[in-house]
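# Chain and residue survey
Here is what each chain is made of, one letter per residue.
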Amino acid sequence: MDSLINSLVTQVKSGNREAFEGLVEIYKDKIYRLCYRMVGDRHEAEDLAQEAFVRAFVNIDKYSGSYKFSTWLYRIATNLCIDRLRKRKPDYSMDAEIPGTEGATLYSQVADADPLPEDEVEEKEKRDQLQQEIMKLPEKYRTAILLKYIEDMSLEEISSVMDLPVPTVKTRIHRGREALKKAYKKVAKSR
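Here the residue index of a chain counts from 1 through its sequence in written order. Selection of residues for local features in this predicted model requires a pLDDT of at least 70, selection of side-chain atom pairs for listing and counting requires 80 or more, and totals for whole chains, interfaces and linings are taken over all residues. Water and hydrogen atoms play no part in the side-chain values, which are based on all heavy atoms of the structure.

- As recorded by an unreviewed UniProt entry, the protein carries the name RNA polymerase sigma factor and is attributed to Fictibacillus fluitans.
- UniProt positions are given in the numbering used here, feature names are shortened, and annotations may be inferred rather than shown by experiment. The Sequence similarities (unreviewed entry) comment attached to the protein in UniProt states, word for word, "Belongs to the sigma-70 factor family. ECF subfamily."

### As for the overall build of the protein
- Along its length, the protein carries eight helices and zero strands.
- When accessible area is computed with a 1.4 Å probe and restricted to protein chains, residues below 20% of their type maximum are described as buried, those above 50% as exposed, and intermediate ones as partly exposed. Looking at the 191 residues of the protein, the share that counts as buried comes to 40%.
- Every residue pair with non-hydrogen atoms within 4.5 Å of one another is taken to be in contact. Taking the contacts inside the protein whose residues are at least 6 apart along the sequence as the reference set, 65% of them involve residues at least 24 apart.
- Residue-level accessible areas treat just the shown protein chains as cover; the underlying method is Shrake-Rupley with a 1.4 Å probe. Summed over all atoms, the accessible surface of the protein reaches about 11,600 Å², with 48% contributed by carbon and sulfur. Under the DSSP-based scheme used, a helix requires at least four consecutive residues in state H or I and a strand at least two consecutive residues in state E, with every element numbered from the N terminus.

### Here's the deal with the confidence of the model for the protein
- Per-residue confidence for the protein gives a mean pLDDT of 82; residues scoring 70 or more make up 83%.
- At the low end of the mean pLDDT range in the protein sits helix H5 (residues 117-136), at 82; at the high end sits helix H3 (residues 42-58), at 93.
- Values of pLDDT, which run from 0 to 100, indicate the predictor's confidence residue by residue. Across residues 91-98, confidence stays below pLDDT 50; counting only partners more than four residues off in sequence or on other chains, it has eight contacts.
- Counted against residues more than four places away or in other chains, residues 104-112, with its pLDDT under 50, gives 15 contacts.

### Focus on unusual backbone geometry
- Non-glycine residue Asp152 carries a positive phi angle of around 55°.
- Structurally, Asp152 is set in the loop between helix H6 (139-150) and helix H7 (155-162).
- You will see that Asp163, though not glycine, has its phi angle at about 60°, which is positive.
- Mapped onto the elements, Asp163 comes out in the loop between H7 and helix H8 (166-190).

Given below as structure tokens:
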């Protein structure tokens with residue numbers, strides 16, 4: 001797969017615009033999911049994913065190849081999401097329901113083949129609560145948690161995407177997990 005991606009990048013750098021379509025096809029779903037999980041809105045996530053690909057195309061000559069193309073692309077998308085989150089007006093409540101979560105959320109696939117309806121409802125409530133708690137995390141912790149546990153990136157890849165040293169990434173992941181544990185304990189006590 002890496003050789004295919006490197007070949008497509010080389011073709012794009014040589015002026016072959018159609019090769020970039022191949023890169024978009026490979027990464028479009030992953031970039032959209034990352035953007036959606038960071039901003040919590042489907043339409044905004046679509047816009048951000050599209051903008052990430054436009055920026056990658058325009059700046060393809062700046063890609064050095066010293067790290068994976070996916071890491072470079074994730075960094076572009078992550079930075080765009082962070083910028084968008086910073087520009088949002090603080091006219092919303094952190095306790096408000098996250099728009100667009102009536103369907104699938106972070107963990108939309110259930111391991112059991114035929115779960116009981118009560119179990120499905122309970123699982124959905126847990127996923128919704130987890131998504132809400134993740135959205136409440138400060139952006140630096142949320143980004144690290146999403147890249148580690150949702151996008152399944154290594155610490156080194158996250159370090160490249162976030163432009164931080166690996167120990168700082170480890171700290172942010174740890175603090176994000178601790179904040180989620182604390183929030184879950186509060187929710188459990190209130191039930």
